[in-house]
There are 2 protein chains.
Amino acid sequence: MTFWKSFFKPKTHTEKIQNINKNKKNFLLIHNFNNNGEIINIYLNINNNINLYDLEKLCDSVGWVRRPIKKVKIAINNSFLIAHLFYYCNNQKKLIGFARATSDHSFNATIWDVVIHPNFQSKGLGKELMTQVIKYLRFYDISTITLFADPHVTKFYKHLGFVIDPDGVKGMFWYPL
Amino acid sequence: MTFWKSFFKPKTHTEKIQNINKNKKNFLLIHNFNNNGEIINIYLNINNNINLYDLEKLCDSVGWVRRPIKKVKIAINNSFLIAHLFYYCNNQKKLIGFARATSDHSFNATIWDVVIHPNFQSKGLGKELMTQVIKYLRFYDISTITLFADPHVTKFYKHLGFVIDPDGVKGMFWYPL
């Protein structure tokens, strides 16, 4: 993933963000915290190499309606950006966060399916995930970054710099007449 | 474009929509009207074979800010759907309408850059263009069709079945903090 190499250079001003190289893949250590006396390192990766059944379990954990795996696979393969958060437990990768974006690779991007496992919510991980997603999109010079937010999460996105209905522009969804 | 062949079968209940085959390309005749005593046939095509300078002129005609051709090309190539309206004048193709959509090819699509040349507005062409765009997206089983509408065009989209902020879901745009 050349993006990490070129963009996420190790930052000396913070210990929280470190660029590490593991098994020739670039993961980004974005967070660590003490959970019942144990330090858990949370990593972020941006690529579409994701286990779809792990993703299904993650979506189940927040009560989302199940979607056909076949369609999920198509969506993953045709998203511009797939970001996921995970940690290792007994050498197994545990998926705990996810976001993706569709884009024209040039002007616009729309972020979909932002999810953090309930056991890892309220620890700043959603903010970290979204911050990296925005950095990635800005790195590709995408100026119009959009999303559609449920009422209970608009405040969260406002803190990240998102604005509702700027200049009166309205988000609209099509329904059959 | 196999889409036309499979989906836009000639409709006997309306004379307005006819599927025609010209030079082995499938164009859809969507409208004709009398302009100063002359009948003009307007065609619709869905593919990304579009002259970028013609598109620039079309965008100029409605006062949009110019965008770098190089970036426009990338956006066109990475859009799921490019729809354009045109007619022939002295054997030359004249571009008079345009719309595009980004998508994950599975669940979601977002429609961008809907434009009709001022000389051809208020003739039902915008409605025809959007109707075909929606049909195309529905044909690919895309259930969430979205867009961001300026205040003066929300009424137009409402007539097509678009709903503002359904269930309180808000369209949000990111701006640097």
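Residues numbered from 1 in each chain as written. Chains lettered and ligands numbered in written order. Predicted model: local features only at pLDDT ≥ 70, side-chain atom pairs only at ≥ 80, totals over all residues. Heavy atoms only, no water.

As annotated in an unreviewed UniProt entry, chain A carries the name N-acetyltransferase domain-containing protein and comes from Caloglossa beccarii.

Broken down by element type, chain A carries five helices and nine strands. Within the span of chain A, comprising 177 residues, buried residues form 48% of the whole. A separation threshold of at least 6 residues defines the contact pool for chain A, and within that pool the share at least 24 residues apart is 54%. (Helix = DSSP H or I, 4+ residues; strand = E, 2+ residues; numbered from the N terminus. Buried < 20%, exposed > 50% of the residue type's maximum accessible area, 1.4 Å probe, protein only. Contact = heavy atoms within 4.5 Å.)

This brings us to the relation of the copies chain A and chain B. Note on the identical chains: chain A maps onto chain B by a rotation of 180° and an axial translation of 0.0 Å, with an RMSD of 0.0 Å. In short, the pair behaves as if placed about a two-fold rotation axis. Minimal C-alpha separation from the rotation axis in chain A is found for A:Gly171, amounting to 2.1 Å. (Least-squares fit on C-alpha atoms with pLDDT ≥ 70 in both.)

Inspection of every chain in the model, using the stated rule, returns 14 salt bridges over all chains. Where B:Asp104 meets A:Arg100, a salt bridge forms, and the shortest distance between an N and an O atom there is 2.9 Å. With B:Asp104 in the loop between β5 (92-103) and β6 (108-116) and A:Arg100 in strand β5 (residues 92-103), the pair connects residues from two separate chains. Notably, a salt bridge pairs B:Asp60 with B:Arg66, separated by 2.5 Å at the nearest N-O pair. Among the ionic contacts, a cluster of salt bridges with common partners joins A:Arg67, A:Arg100, A:Asp113 and B:Asp104. (Salt bridge = Lys/Arg side-chain N within 4 Å of Asp/Glu carboxyl O.)

Take the pairing of strand β4 (residues 81-89) of chain B next. Looking along a regular strand, one sees the side chains alternate between the two faces of the sheet. All names here are of chain B. Counted residue by residue, β4 has seven buried out of nine residues, so it is predominantly covered. Here strand β3 (residues 38-46) runs beside β4; their pairing, made up of four bridges, is antiparallel. The partner of Ile46 across the bridge, within β4, is Ala83. Where β4 meets β5, nine bridges bridge the pair, whose relative direction is antiparallel. Counterpart to Leu85 in the pairing with β5 is Gly97. Linking β4 to β5, which pair antiparallel, is a turn of two residues; within it Asn90 sits at a positive phi near 50°. (Pairing = 2+ DSSP bridges.)

Tallying the contact residues gives 49 residues for chain A and 49 residues for chain B. Buried area between chain A and chain B, both sides added, is near 4,600 Å², and the carbon and sulfur share of it is 64%. Its largest share of buried area at the contact with chain B, chain A owes to A:Phe107, A:Met172 and A:Trp174, together 19% of the area lost on that side. Looking at the side of chain A that touches chain B, the elements with two or more residues in it are α3 (69-77), β5, β6 (108-116), α4 (125-139), β7 (144-149), α5 (154-159), β8 (162-164) and β9 (170-174) of chain A. When grouped by side-chain class, the residues that make up the side of chain A that touches chain B number 23 nonpolar, 15 polar and 11 charged. Pairing geometry for β9(A) and strand β7 (residues 144-149) of chain B, over four bridges, is antiparallel. Looking at the pairing, A:Phe173 lines up with B:Thr146 of β7(B). (Buried area = accessible area lost by both parts, 1.4 Å probe. Nonpolar A, V, L, I, M, F, W, Y, C, P; charged D, E, K, R; others polar.)

To continue, consider the UniProt feature "domain: N-acetyltransferase" (unreviewed entry) in chain A. Residues given the UniProt feature "domain: N-acetyltransferase" (unreviewed entry) here are residues 48-177 of chain A. Across residues 48-177 of chain A, the secondary structure splits into 31% helix and 34% strand, with the terminal C-alpha atoms separated by 36 Å. (UniProt positions renumbered as here; feature names shortened; annotations may be inferred.)

Looking now at α4(A). The end-to-end C-alpha distance of α4(A) is 21 Å, a good match for the 21 Å that 15 residues give at a rise of 1.5 Å each. Directly after α4(A), the chain includes A:Asp141, whose backbone phi takes a positive value near 60°. (Expected span 1.5 Å × (residues − 1).)

A separate point is the packing of helix α2 (residues 52-61) of chain B against helix α3 (residues 69-77) of chain B. Residues and elements named next belong to chain B. Put simply, α2 and α3 touch, their axes get as near as 11 Å, and they point 105° apart. On the basis of the axis angle, α2 is roughly perpendicular to α3. Every residue of α3 that contacts α2 at Leu52, Tyr53, Leu55 and Glu56 is listed here: Ile69, Val72, Lys73 and Ile76. Taken together, the residues of the contact of α2 with α3 break down into six nonpolar, no polar and two charged. (Axes fitted to C-alpha atoms, helices over the stretch in contact; angles between N-to-C directions. Parallel < 35°, antiparallel > 145°, perpendicular 65-115°, else oblique.)

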